[in-house]
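Structural features, examined
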Amino acid sequence: MAQNYVRVVCNVYCRYEGLAPIYRVYVNNELFTERTWIWNADYYIREEIQINAEPGEYAIRYELVPPNLAELFVTRPVVDHGSAIVTEDGQLRIENATA
């Protein structure tokens, strides 16, 4: 089956004390990125996740790397390129591009 290119964007905000936290982004169980939060505590970033995959459902998961004194908030995930949707339960559903 052919793979489809999809780009998902979302807002990421981190509230923390002390050292800047590190977070990871996974698609299913594949690590896509690991970042240190270098921005001020009152700032959010617009994260892009670029995926080239076969049609199906994919779980996008953010996690903080321990130890941390932080809370990570991910909001407004949307597909801004490609034939896919983000479901109500947060799954990425890549559809067949020829459908």
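Shown above is the structure to which this text applies.
In this text, all values refer to a predicted model and were calculated from it rather than measured experimentally. (Residues numbered from 1 in each chain as written. Predicted model: local features only at pLDDT ≥ 70, side-chain atom pairs only at ≥ 80, totals over all residues. Heavy atoms only, no water.)

**Comments concerning the sheet that holds strand β5 (residues 56-64)**
- Spatial strand order, β3-β2-β5-β8-β7: 5 strands in an open sheet with antiparallel pairing. Only two strands of the sheet have a single neighbouring strand rather than two, namely β3 (30-36) and β7 (84-86). Here the strands of the sheet are splayed against their neighbours by 20° on average, with no regard to which way each runs.
- Relative to β3, strand β2 (residues 22-27) runs antiparallel, the two being bridged by 6 bridges. The partner of R24 across the bridge, within β3, is E34. (Pairing = 2+ DSSP bridges. Helix = DSSP H or I, 4+ residues; strand = E, 2+ residues; numbered from the N terminus. Axes fitted to C-alpha atoms, helices over the stretch in contact; angles between N-to-C directions.)

**Quick look at the nonpolar core**
- Membership of the largest hydrophobic core comes to 19 residues, with the highest contact counts inside it found for I49, I51, Y62, L92 and I94.
- Secondary structure elements with two or more residues in this core: β1 (4-16), β2, β4 (44-53), β5 and β8 (91-94).
- With 5 residues, β1 is the largest single contributor of residues to this core.
- Excluding its chain neighbours within four sequence positions, the residues that come into contact with I49 are V6, R7, V8, V25, V27, F32, I60 and Y62. (Core = buried A, V, L, I, M, F, W, Y, C linked by side-chain atoms within 4.5 Å. Buried < 20%, exposed > 50% of the residue type's maximum accessible area, 1.4 Å probe, protein only. Contact = heavy atoms within 4.5 Å.)

**A short note on the pairing of β2**
- Counted between consecutive antiparallel strands, the loop separating β2 from β3 contains 2 residues, among which N28 sits at a positive phi close to 55°.
- Both β2 and β5 contribute to a ladder of 5 bridges, which runs antiparallel. Bridge pairing links Y23 to L64 in β5.

These figures capture arrangement, not role.
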